[in-house]
Amino acid sequence: MSASEPGLRLAGPDDLALVMQALRGLATDLGDPFNATSERVRAALFGPAGYGFGILAEAGGQVRGLALCNPILSTMLGSTAVYVSDLWVAGPARRQALGQRLLRAAMHEGGRRWQAGALRLLVYRDNTRALAFYRHLGFDIRDQDRTAVLDGANLTAFMGATT
């Protein structure tokens, strides 16, 4: 690794500000709303019932990338998979294989923690750069999968319904 190449490491509780910075960067890049709170991210990654981890990429004291991960059990795959909920590489660090390095580190950590046998993630259909990147790495991009989300008022109504 050269002096300018970002180093990768597992995020710890003292890295919460860097994790949040990276997540905000991803939301900005995608044009997504940013509703994550430090408290929820801290609980998910570092709390007593924490269920995920983050791999940080840093260079020159700056966050250059993040892979935020948690386990999923897939009966279709027949194994636990590392679900990469958020993968972000800062603009100046792109096209240097950092995303690939982050995904490899995520798989290594997921294999160590959960004996994971696969990586899984979602990608927006209109994000042609990301689609090309994942295809280049060998990901199978399946059009038949759909994301279903129940939140906000619909979740409240669902939870209050009796049947």
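Remember, predicted model here, so these are calculated numbers, not experimental data. (Residues numbered from 1 in each chain as written. Predicted model: local features only at pLDDT ≥ 70, side-chain atom pairs only at ≥ 80, totals over all residues. Heavy atoms only, no water.)

Of all hydrophobic cores here, the largest spans 21 residues; its most connected members are V82 and L102. Contributions of two or more residues to this core are made by β2 (53-59), β3 (62-74), β4 (79-89), α3 (98-114) and α4 (128-137). Looking at which element gives the most residues to this core, the answer is α3, with six residues. In this structure, V82 is in contact with F53, C69, N70, A106, M107, G110, W114, A116, A118, L119 and R120, ignoring residues within four places of it in sequence. Counting 16 residues, the second-largest nonpolar core is a separate cluster that includes A11, M20, L26 and L68. (Core = buried A, V, L, I, M, F, W, Y, C linked by side-chain atoms within 4.5 Å. Buried < 20%, exposed > 50% of the residue type's maximum accessible area, 1.4 Å probe, protein only. Helix = DSSP H or I, 4+ residues; strand = E, 2+ residues; numbered from the N terminus. Contact = heavy atoms within 4.5 Å.)

Okay, the pattern of salt bridges next. For side chains bearing opposite charge, pairing can occur when the charged atoms are close. Enumeration according to the criterion identifies seven salt bridges in this entry. R101 is the partner of E5 in a salt bridge, and the nearest nitrogen-oxygen pair spans 3.2 Å. Highlighted residues: E5 in the segment before β1 (7-10) and R101 in helix α3, separated in sequence by 96 residues. Put simply, E58 and R9 hold a salt bridge, and the shortest N to O gap is 2.7 Å. Of this pair, E58 sits in strand β2 while R9 sits in strand β1, and the two are 49 residues apart along the sequence. Of the residues examined, E58 reaches a relative accessible area of 22% and is grouped as partly exposed. On the basis of relative accessible area, R9 is assigned to the partly exposed category, the value being 32%. (Salt bridge = Lys/Arg side-chain N within 4 Å of Asp/Glu carboxyl O.)

Once that is clear, we can look at the packing of α3 against α4. Interaxial distance between α3 and α4 falls to 11 Å at its minimum, and their mutual angle equals 55°. Classified by the interaxial angle, the pair formed by α3 and α4 is oblique. Crossing hand, α3 versus α4: right-handed. In this structure, α3 uses G99, Q100 and L103 to contact α4, whose residues at the interface are F133, Y134 and L137. By residue class, the composition of the contact of α3 with α4 is four nonpolar, two polar and no charged. (Axes fitted to C-alpha atoms, helices over the stretch in contact; angles between N-to-C directions. Parallel < 35°, antiparallel > 145°, perpendicular 65-115°, else oblique. Left-handed = near helix turned anticlockwise from the far one by under 90°. Nonpolar A, V, L, I, M, F, W, Y, C, P; charged D, E, K, R; others polar.)

In the sheet, β4 pairs with strand β5 (residues 118-121) via four bridges, with the strands oriented parallel. Paired with A81 across the two strands is A118, which belongs to β5. Of the crossover connections in this fold, the one passing from β4 over α3 to the parallel β5 is right-handed. (Pairing = 2+ DSSP bridges. Right-handed = clockwise from strand over helix to strand, strands pointing away.)

Turning next to α4. Taken as a whole, α4 has its buried residues at A130, L131 and Y134. Buried positions in α4, seen along its axis, are confined to an arc of 100° and lie on one side of it. For α4, the exposed residues lying more than 90 degrees away from the buried face are T128, R129 and H136. Considering only its buried residues, α4 is in contact with β4, α3 and β5. G138 occupies a position one or two residues after α4 and carries a positive phi of about 105°. (Arc of directions from axis to C-beta.)

For A97, which is not a glycine, the phi torsion comes out positive at approximately 70°. Tracing the backbone shows A97 in the loop between β4 and α3. Judged by its relative accessible area of 41%, A97 falls in the partly exposed class. Despite not being glycine, Q115 shows a phi value in the positive range, around 55°. Along the polypeptide, Q115 turns up in the loop between α3 and β5. Relative accessible area serves as the criterion here: at 60%, Q115 is assigned to the exposed category.

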